[in-house]
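A closer look at the structure
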Amino acid sequence: QVQLVESGGGLVQPGGSLRLSCAASGSSFNIRAMGWYRQVPGKERELVATSSTSGNTNYADSVKGRFTISRDTAKKTVYLQMNSLKREDTAVYYCNVEARPTVLSNWRGYWGQGTQVTVSS
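Every value quoted in this text rests on a predicted model; they were computed, and no experiment measured them. (Residues numbered from 1 in each chain as written. Predicted model: local features only at pLDDT ≥ 70, side-chain atom pairs only at ≥ 80, totals over all residues. Heavy atoms only, no water.)

So, the nonpolar core
To keep it simple, the criterion reads: Only buried Ala, Val, Leu, Ile, Met, Phe, Trp, Tyr and Cys residues count toward a nonpolar core, and they belong to the same one when joined by side-chain atoms within 4.5 Å. With a 1.4 Å probe rolled over the protein chains alone, any residue whose accessible area is under 20% of its type maximum counts as buried; one over 50% counts as exposed, and the rest are partly exposed. Secondary structure elements follow DSSP: runs of H or I of four or more residues count as helices, runs of E of two or more count as strands, with numbering from the N terminus. The contact criterion used throughout is that any non-hydrogen atoms of two residues lie within 4.5 Å.
Grouped together as the largest cluster of nonpolar side chains are 30 residues, with contacts concentrated most on L4, W36, V48, F67, L80, M82 and Y93. Counting only elements with at least two residues in this core, the list comes to β1 (2-7), β3 (18-26), β4 (30-39), β5 (46-52), β7 (67-72), β8 (77-82), β9 (91-100) and β11 (115-119). Sequence-distant contacts of F67, that is, excluding residues within four places in its chain, are made with R38, V48, Y59, L80, Q81, M82, N83, L85, D89 and Y93.

Dropping the structure here:
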C-alpha cells in the first residue's frame, strides 16, 4: 500500500505563510495525480488544489492567487505553498494521491492523516 506522511502545519497569523509537504512511500507504485483537500468540523471535505502527471493544476476559487501546488517526482512528494493566509483557511489539510501498485491494479485514492492549519492573531 501507499503511505502518505504530511508535515508543515501549524499556527500562523493572518497574512502569514506556510508550506505543507506530503511524501508518498511504500513498495513500487505509480502516481497519476496528487492534491490537497481541507475540512472543518461540520462541513464536508473540499478540494484545495490538485496536480496531475501531465502538469495540469486545479485550484479552488477561494485560494487562487494565494496557494501554489508543486511536486517533486523523484521524491514522490507534493507541496502546497500557502501565502496571504486568512482566518477562513483554518482547517485540517489532507494530502491525497491517486496511485496503483501495478498496471494490473485499479487507480485509487490514498489519504494522509491530515495536518492542522490554524490562522489566528
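Description of the pattern of salt bridges
Rules: Whenever Lys or Arg places a side-chain nitrogen within 4 Å of a carboxyl oxygen from Asp or Glu, that contact is recorded as a salt bridge.
Within the structure shown, the criterion is met by 5 salt bridges. Residue R38 pairs with E46 through a salt bridge whose shortest N-O separation is 2.8 Å. Judged by its relative accessible area of 7%, R38 falls in the buried class. For E46, a relative accessible area of 35% gives the class partly exposed. For R38, the salt bridge is made with D89, and the minimal N-O distance between the two is 3.0 Å. With R38 in strand β4 and D89 in the loop between β8 and β9, the pair connects residues that are 51 residues apart, well separated along the chain. Linked by salt bridges that have partners in common, R38, E46, R66 and D89 make up one network.

Concerning the pairing of β11
Quick note on the threshold: For two strands to pair, DSSP has to find at least two bridges joining them.
Only one face of β11 is buried, namely the one carrying T115, V117 and V119, since none of Q116 and T118 on the opposite face is buried. Here β9 pairs with β11 via 3 bridges, running antiparallel. Bridging across to β11, Y93 finds its partner in T115.

Without other data, these values stay purely geometric and don't point to any function.
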